[in-house]
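Observations on the model geometry
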Amino acid sequence: MKRMMFVMLAALLMLPAVAQEVEVTSRQRLLEGVEGPAYYPVLNSAGDRLLFSSEEGALKLHDFADGVTTVVTRDYVAGRDACFGRDGKVFFVTQRVGEDHLVYRTGQCYDASTRKADVVTPTRHGAMRAVPAEQGDAAWTEGSRVHVTVGGEERVFSPVDSWAGYLWASLSPDGQRVAFFAAGKGIVVIDLRGQVVAMLGNYEMPCWYNNNYIVAQNAKDDGHQFTSSQLLLLKADGTWQTELTKPASMTMQPTCGGGKIVYTTIDGLLYEMKINIYE
């Protein structure tokens, strides 16, 4: 009897002390009737400005304060090849196909106050990423390596094997951890020494909601097209997760900032979501 009681007590101690619950407090369509299909949204850390790409690949900037949307560039910007610097400027990479059929990229910086873009990395053939590391700490991927700049020091890690490489690296708001996607493994969270602290599952496009939670995309396909896509909220230590949208919603490409979650649908409809997390 004593042994049974001990086993039962041990099992109870393994359970979380407090159940977690998430409430979606608001969900609203953005730029309805103003913009056409919009993809790859990127919020700044304060959540008051939003980058997104048009269906043609032009990069646009929306200011929530005055409701004004401006065109950063009409040149093609692939996917999330744009980000905010700590000074509020926008760093982005345009690309074009040359007469030799090679892809050429140009790194640029846009100042919203002057509505002017300047070239910061001349046009060249080869990979180029928008990483404003000179503005502070940053994280980015290159092949099967994740680069982390901390206090001006660059560190390079390959903490998990991945035949197709890493994508979508980002620092936690407190700068103490990095989340990224490793093909075949899913979302990985590491510390600043490159040690794996959590594996969150085979989901994509992780973004830090706060220091303890990550929003990610869970998409399924049949090899030709998406069959479902939803947003999940994941605890960064890997102990808990819940769905924010249903698989049939075809919601994807989440971005977080200032307590907001912005995402798009497969049809390019932008939405803003706010949540409360009860622990």
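The structure presented is a predicted model; accordingly, all values stated were derived computationally and were not measured. (Residues numbered from 1 in each chain as written. Predicted model: local features only at pLDDT ≥ 70, side-chain atom pairs only at ≥ 80, totals over all residues. Heavy atoms only, no water.)

If you walk across this open sheet you meet the four strands as 17-18-19-20, and the pairing is antiparallel. Every interior strand has two partners, whereas the edge strands, strand 17 (204–208) and strand 20 (241–243), have only one. Geometrically, the sheet is characterised by an average inter-axis angle of 25° between neighbouring strands, direction not taken into account. Here strand 18 (residues 213–221) pairs with strand 19 (residues 226–235) via nine bridges, running antiparallel. Bridging across to strand 19, Asn218 finds its partner in Gln230. (Pairing = 2+ DSSP bridges. Helix = DSSP H or I, 4+ residues; strand = E, 2+ residues; numbered from the N terminus. Axes fitted to C-alpha atoms, helices over the stretch in contact; angles between N-to-C directions.)

The next thing to look at is the confidence of the model for the chain. Across the chain, pLDDT averages 90, with 91% of residues at or above 70. Counting interchain partners and residues more than four positions distant, the pLDDT-below-50 stretch residues 1–18 has one contact. (pLDDT = per-residue confidence, 0-100. Contact = heavy atoms within 4.5 Å.)

Time to look at the environment of Lys246. With respect to the helices, strands and loops of the structure, Lys246 is situated in the loop between strand 20 and strand 21 (251–257). Note on Lys246: relative accessible area 53%, which makes it exposed. Taking the C-alpha atoms as reference points, Lys246 and Asn211, separated by 35 residues in sequence, lie 25 Å from one another. Each residue touching Lys246, except ones within four places of it in the same chain, is listed here: Ser229 and Gln230. Only 2.4 Å separates the side chain of Lys246 from the side chain of Glu243, close enough to count as a polar contact. (Buried < 20%, exposed > 50% of the residue type's maximum accessible area, 1.4 Å probe, protein only. Polar contact = N/O pair within 3.5 Å; in protein donor to acceptor, adjacent residues only side chain to side chain.)

A few words now on the pattern of salt bridges. Applying the stated rule across the entire model yields nine salt bridges. With a shortest N-O distance of 2.4 Å, Lys246 and Glu243 are connected by a salt bridge. (Salt bridge = Lys/Arg side-chain N within 4 Å of Asp/Glu carboxyl O.)

Two pairing modes exist for strands in a sheet, parallel and antiparallel, and in both the strands are linked by backbone hydrogen bonds. What the four strands build is an open sheet, ordered 6-7-8-9; its pairing is antiparallel. For this open sheet the edge positions go to strand 6 (82–84) and strand 9 (116–125), each flanked by a neighbour on one side alone. In this sheet, neighbouring strand axes are inclined to one another by 20° on average, regardless of whether the strands run parallel or antiparallel. Here strand 8 (residues 103–111) pairs with strand 9 via seven bridges, running antiparallel. Note that in strand 9 the partner of Asp111 across the bridge is Lys116.

So, about the domain arrangement of the chain. For interface size, the figure often reported is the accessible area lost on association. When the domains of the chain are assigned, the result is domain 1 (38–134) and domain 2 (137–279). Taken over C-alpha atoms, the centre of domain 1 sits 21 Å from the centre of domain 2. Residue-level contacts link 18 residues of domain 1 with 23 residues of domain 2. Among the residues domain 1 hides against domain 2, the three largest losses belong to Tyr39, Leu43 and Arg80. Together they make up 31% of the total. Scanning the region where domain 1 abuts domain 2 turns up nine residue pairs in polar contact (both at pLDDT 80 or more). If you list the elements that add at least two residues to the side of domain 1 that touches domain 2, you get strand 2 (38–43) and strand 3 (49–54). Looking at the side of domain 1 that touches domain 2 element by element, the count peaks at six residues for strand 2. When the residues that make up the side of domain 1 that touches domain 2 are grouped by side-chain class, the tally is twelve nonpolar, three polar and three charged. (Domains from an automatic or database assignment. Buried area = accessible area lost by both parts, 1.4 Å probe. Nonpolar A, V, L, I, M, F, W, Y, C, P; charged D, E, K, R; others polar.)

The next thing to look at is the side chain of Thr264. Checked against the element boundaries, Thr264 lands in strand 22 (residues 260–265). Here the side chain of Thr264 touches Leu269 through a polar contact of 3.4 Å, landing on its backbone oxygen. Not counting residues within four places of it along the chain, the set of residues in contact with Thr264 comprises Ala38, Tyr39, Pro41, Met250, Thr251, Met252, Gln253, Leu269 and Leu270.

Moving on, we come to the pairing of strand 7 (residues 90–97). With three bridges connecting them, strand 6 and strand 7 associate as antiparallel partners. In the strand pairing of strand 7, Ala82 is matched with Phe92. Connecting the antiparallel pair strand 6 and strand 7 is a turn made up of five residues, with Gly88 showing a positive phi of about 90°. Alignment of strand 7 against strand 8, held across eight bridges, turns out to be antiparallel. Its bridge partner lying in strand 8, Thr94 is registered against Thr106. Taking the residues that link successive antiparallel strands as the turn, the strand 7-strand 8 hairpin has five residues, and the phi of His101 there is positive, at about 70°.

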